[in-house]
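Read off the chains here:
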Amino acid sequence: AAAGLSYVGAYVINTYKSYDNFLQDKYALLPAVIIICVAVVMFVIGLIGCCATFRESRVGLGLFLAIILVIFIAEVSAFVLGFVYREKVKTDVQGTMQSVFEKYDGKNPESTVVDYLQEQV
């Protein structure tokens, strides 16, 4: 799972390079960075769980369960926040895209992004 999340985070960062003029916000890469950090934490937690299971340690397995529960609560919280703020993100992205399309003249850097986007469709 950690390897899959790392791949997704790296893919988002790589894709951002093509669409960076549409996403003018400086926090646009924050989700990708968070995904990579979560992948690293998941790897460490998985290692703790494997070591606790190998040693048959009740304390280690209890700690592993507590950590997994905290992660589950954080995931549910992130889902709820994403659901609540989805319209704000949608309007922000649409506003930025509209401004980029209005500035299109075929010469500025924003124009190259619009050209790239049209080539991809």
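Only a predicted model underlies this, so the values are computations on that prediction, with no experimental measurement involved. (Residues numbered from 1 in each chain as written. Predicted model: local features only at pLDDT ≥ 70, side-chain atom pairs only at ≥ 80, totals over all residues. Heavy atoms only, no water.)

K.L.:
I would appreciate a short explanation of the UniProt feature "transmembrane region" (unreviewed entry) in the chain in the present structure.
P.N.:
The UniProt feature table records "transmembrane region" (unreviewed entry) at residues 28–54 and 61–85. For residues 61–85, helix accounts for 96% and strand for 0%, while the C-alpha atoms at its two ends are 36 Å apart. (UniProt positions renumbered as here; feature names shortened; annotations may be inferred. Helix = DSSP H or I, 4+ residues; strand = E, 2+ residues; numbered from the N terminus.)

K.L.:
Sorry if this is basic, but what is going on with unusual backbone geometry here?
P.N.:
It is generally the case that most residues other than glycine have a negative phi and that most peptide bonds are trans. Unusually for a residue other than glycine, E56 sits at a positive phi of about 55 degrees. Considering the arrangement of structural elements, one finds E56 in the loop between helix 2 (30–55) and helix 3 (58–84).

K.L.:
Where do I start with the packing of aromatic side chains in this structure?
P.N.:
The geometry of an aromatic ring pair is captured by two quantities: the separation of the ring centres and the angle between the planes. For the structure shown, the criterion picks out one aromatic pair. Ring centres of Y7 and Y11 lie 6.3 Å apart, and the angle between their planes is 25 degrees; on these two criteria the pair is classed as stacked. Here Y7 pairs with Y11, and both are found in helix 1 (residues 2–19), just four residues apart, close to one helical turn. The residues Y7 and Y11 share a single accessibility class, namely exposed. Sitting above the plane of the F83 ring, R86 keeps its charged end 4.2 Å from the centroid. (Phe/Tyr/Trp six-rings, centres within 6.5 Å; stacked < 30°, edge-to-face > 60°. Buried < 20%, exposed > 50% of the residue type's maximum accessible area, 1.4 Å probe, protein only. Lys NZ or Arg CZ within 6 Å of the ring centre and 35° of its normal.)

K.L.:
Explanation requested: the layout of surface pockets in the structure shown.
P.N.:
The gaps of empty space that remain are located by a probe, the size of a water molecule, rolled over the atoms. Put simply, the second largest pocket is a space of about 210 Å³. What lines the second largest pocket is I34, V38, V41, V70, I71, A74, E75 and A78. When its residues are assigned to classes, the lining of the second largest pocket shows seven nonpolar, no polar and one charged. (1 Å grid on protein atoms, 1.4 Å probe; cavity = no way out; pocket = protein on both sides within 12 Å on 5 of 7 lines; lining within 4 Å. Points joined across faces, edges and corners; volume = space filled by probe spheres on them. Nonpolar A, V, L, I, M, F, W, Y, C, P; charged D, E, K, R; others polar.)

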